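Below, each chain spelled out in residue letters.
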Amino acid sequence: MRGQRVVESVRRCWNPAVWLLVPLLGFLFLVAISMLLQLVQLVNGRNRCEGRVEVRYNESWGTVCDDDWDMVDANVVCRQLDCGLAVAVGSSSRFGQGSGPILLDNVDCKGGETDLSQCGSLGWGVHNCYHYEDVAVTCKDTSVLETKSNGEPTTPTRRNFLRDGTIRLAGGLDYCQGRVEIYYRGSWGTVCDDDWGVNDAEVVCQQIGCGHASSAHTNAYFGYGTGLILLDNVNCNGNEQQLSKCYSLGWGTHNCGHHEDAGVICTERRSIRVVNGNSSCQGRVEVLFSNLWGTVCDDDWDMPNAQVVCRQLGCGPAISAKALAYFGYGSGPILLDNVDCSGNEGELTDCFHLGWGQHNCGHHEDAGVICTPFQNNVGAGGDFGVTDRISTTKPPSEGGVRLVGGQHRCEGRVEMFSGSEWGTVCDDAWDLPDAQVVCRQLGCGEAAAARVEAFFGPGSGTILLDNLKCSGAEASLQECSHISWEVHNCDHSEDAGVTCSLS
């Protein structure tokens with residue numbers, strides 16, 4: 001009898017332990033199975049949804065070469081990992097070079113695949129790459145487009161007063177041309193080119209105060225965007241006040257990749273002026289919006305803001321940022337307030353502000369600037385960000401390099417001088433060692449990024465070089481391995497660019 005009580009006591013003690021152990025073993029079993037089934041992973045990122053792309057084949061992990069890699073391919077990876085949408089593609093420069101086999105090259109996804117291995121490629125292990133060409137991806141959860149459980153829209157975590165539907169143009173030569181980007185619930189995104197036409201472009205140009213549409217562009221004419229694709233199948237009649245008022249499939253609903261980003265070129269290129277000064281480089285600052293000129297309030301107005309205005313006007317560096325209607329009271333709307341620039345922006349409207357027409361000011365607070373006249377600044381553009389003004393005192397040398405379309409002289413589209421003309425470089429095989437040579441050649445420090453797909457806008461003229469392979473130690477770009485001059489299979493949507501560190 002006593003022995004029976006001991007056995008029952010042992011059973012009562014072990015039963016809870018068994019019930020705890022069984023689920024734990026089951027969980028570990030499922031984790032082990034999921035790891036065995038996992039065919040793609042992102043390595044060396046801050047979380048599982050960013051990093052160098054690695055795939056598993058024959059029980060070994062290996063990397064993917066960046067030849068032909070684009071946002072469509074990246075989106076397949078993000079979807080496969082349940083990480084939302086791709087917001088950026090990159091090279092090994094950020095997440096480090098891999099080791100072991102390079103398993104895929106010339107990946108070509110159509111966008112509907114559920115697994116990277118379903119996309120076209122040269123075949124497992126077939127490539128002509130090195131590990132400095134390992135591709136990387138950054139994904140972003142699409143919850144930015146979702147709402148809280150109580151039905152209220154999610155609130156951006158950072159300070160931002162932009163209104164949903166605000167438009168900007170990116171990748172063009174000025175404020176009034178470029179890739180169409182629209183703001184919605186804390187994020188900027190692009191517009192797909194399905195059904196994109198001149199009526200849609202007309203609404204964009206009117207909304208940003210750039211006159212009328214000259215042309216509507218498709219197929220990522222101004223380069224691939226990043227982030228979300230927010231609108232698709234836009235169909236405007238041309239009279240709407242905002243692009244968001246036109247018919248579309250709805251916010252975030254699309255069947256596109258960033259190779260279909262829509263763009264526009266508008267007729268009016270001037271978006272800023274100075275009034276009541278003694279020259280075209282000083283006066284009260286006025287900006288154009290929705291075909292109306294208006295003033296800028298002097299709250300937080302300082303030298304970095306003035307520096308951006310002076311650059312945008314084509315003048316020299318800022319001498320003074322003026323407040324309290326120094327150049328007289330303006331009239332009409334007060335369009336910008338609490339402008340806060342870092343000083344490196346290409347346009348005043350790229351700086352933080354409260355939003356068009358949002359202010360608590362009167363015209364006695366109109367802001368102004370005094371800039372150095374440009375003729376006093378020729379040859380001194382290094383610290384001021386003049387990228388397109390090339391000195392004409394002596395012709396450039398053969399193989400000379402310049403950067404065009406950036407925010408300072410050390411970033412932009414790469415252009416080389418050959419045979420008395422400037423031409424571009426194709427981005428096939430373009431990577432950080434190539435960019436390093438360009439930055440060194442220009443005296444611009446270390447390369448921060450190698451840009452592809454006309455990141456700084458498409459060039460014109462001859463495409464001079466393709467398939468460059470630099471080690472990074474060459475003194476000039478023409479010393480690098482490449483196929484014959486002017487032999488390529490590219491167009492200007494593939495123009496290469498760089499961003500240097502300026503150090």
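Residues numbered from 1 in each chain as written. Predicted model: local features only at pLDDT ≥ 70, side-chain atom pairs only at ≥ 80, totals over all residues. Heavy atoms only, no water.

Trainee: What am I meant to see in the state of the cysteines here?
Mentor: By definition, a disulfide links the sulfur atoms of two cysteine residues through a covalent bond. Going through the model one piece at a time under the given rule, you end up with 14 disulfides. Covalently, C297 is tied to C361 through a disulfide, its sulfur atoms 2.0 Å apart. Looking down the S-S bond of the C297 and C361 bridge, the torsion is -85°, so its handedness is left-handed. Remark: C361 occurs in the loop between β17 (334-336) and β18 (368-371) and C297 occurs in the loop between β15 (292-296) and α5 (303-313); sequence separation between them is 64 residues. A single burial state applies to C297 and to C361, both of which are buried. There is a disulfide in this structure between C470 and C480, and the S-S distance comes to 2.0 Å. A torsion of 105° about the S-S bond marks the disulfide between C470 and C480 as right-handed. Taken together, the residues C470 in the loop between β23 (463-465) and β24 (497-500) and C480 in the loop between β23 and β24 connect sequence positions ten residues apart. When its relative accessible area of 4% is taken as the criterion, C480 is described as buried. (Disulfide = S-S within 2.5 Å. Helix = DSSP H or I, 4+ residues; strand = E, 2+ residues; numbered from the N terminus. Buried < 20%, exposed > 50% of the residue type's maximum accessible area, 1.4 Å probe, protein only.)

Trainee: Is there a simple way to think about the pairing of strand β2 (residues 50-57) in this case?
Mentor: The side chains of a regular strand alternate between the sheet's two faces. Burial of β2 is extensive: seven of the eight residues sit out of reach of the surface. With five bridges connecting them, strand β1 (residues 40-44) and β2 associate as antiparallel partners. For Q41, the partnering residue across the bridge sits in β2 and is E54. Between the end of β1 and the start of β2, which pair antiparallel, lie five residues. As paired elements, β2 and strand β6 (residues 135-140) share three bridges and run antiparallel to each other. Bridge pairing links E50 to T138 in β6. Judged from the four bridges that link them, β2 and strand β3 (residues 60-64) form a sheet pairing that is antiparallel. Residue pairing for β3: E54 is matched across the bridge by T63. (Pairing = 2+ DSSP bridges.)

Trainee: Can you walk me through the side chain of Q436 in this structure?
Mentor: On the secondary structure map, Q436 appears in helix α6 (residues 432-441). Apart from residues lying up to four places away in sequence, Q436 is in contact with G445, E446, A447 and G472. (Contact = heavy atoms within 4.5 Å.)

Trainee: Explain α5 here, please?
Mentor: Spacing of three or four residues puts side chains on the same side of an α-helix, whose turn is 3.6 residues. Residues N305, A306, V308, V309, C310 and R311 constitute the buried set of α5. Contact partners of the buried residues in α5: β13 (272-276), β14 (282-289), β16 (318-322) and β18.

Trainee: Please explain the packing of aromatic side chains as it appears in this structure.
Mentor: Any aromatic ring pair is given by two values, namely how distant the centres are and how the planes are angled relative to each other. The tally for this structure, following the rule as stated, stands at eight aromatic pairs. Taking the centre distance of 4.9 Å and the plane angle of 80° together, the rings of Y221 and F222 count as edge-to-face. Assessed through its relative accessible area of 37%, Y221 is described here as partly exposed. Plain terms: the ring middles of Y326 and F327 are 4.9 Å apart, the flat faces sit at 75° to each other, and that makes the pair edge-to-face. On the basis of relative accessible area, Y326 is assigned to the partly exposed category, the value being 49%. One cation-aromatic arrangement involves R402 over W422; the distance from NZ or CZ to the ring centre is 4.1 Å. (Phe/Tyr/Trp six-rings, centres within 6.5 Å; stacked < 30°, edge-to-face > 60°. Lys NZ or Arg CZ within 6 Å of the ring centre and 35° of its normal.)

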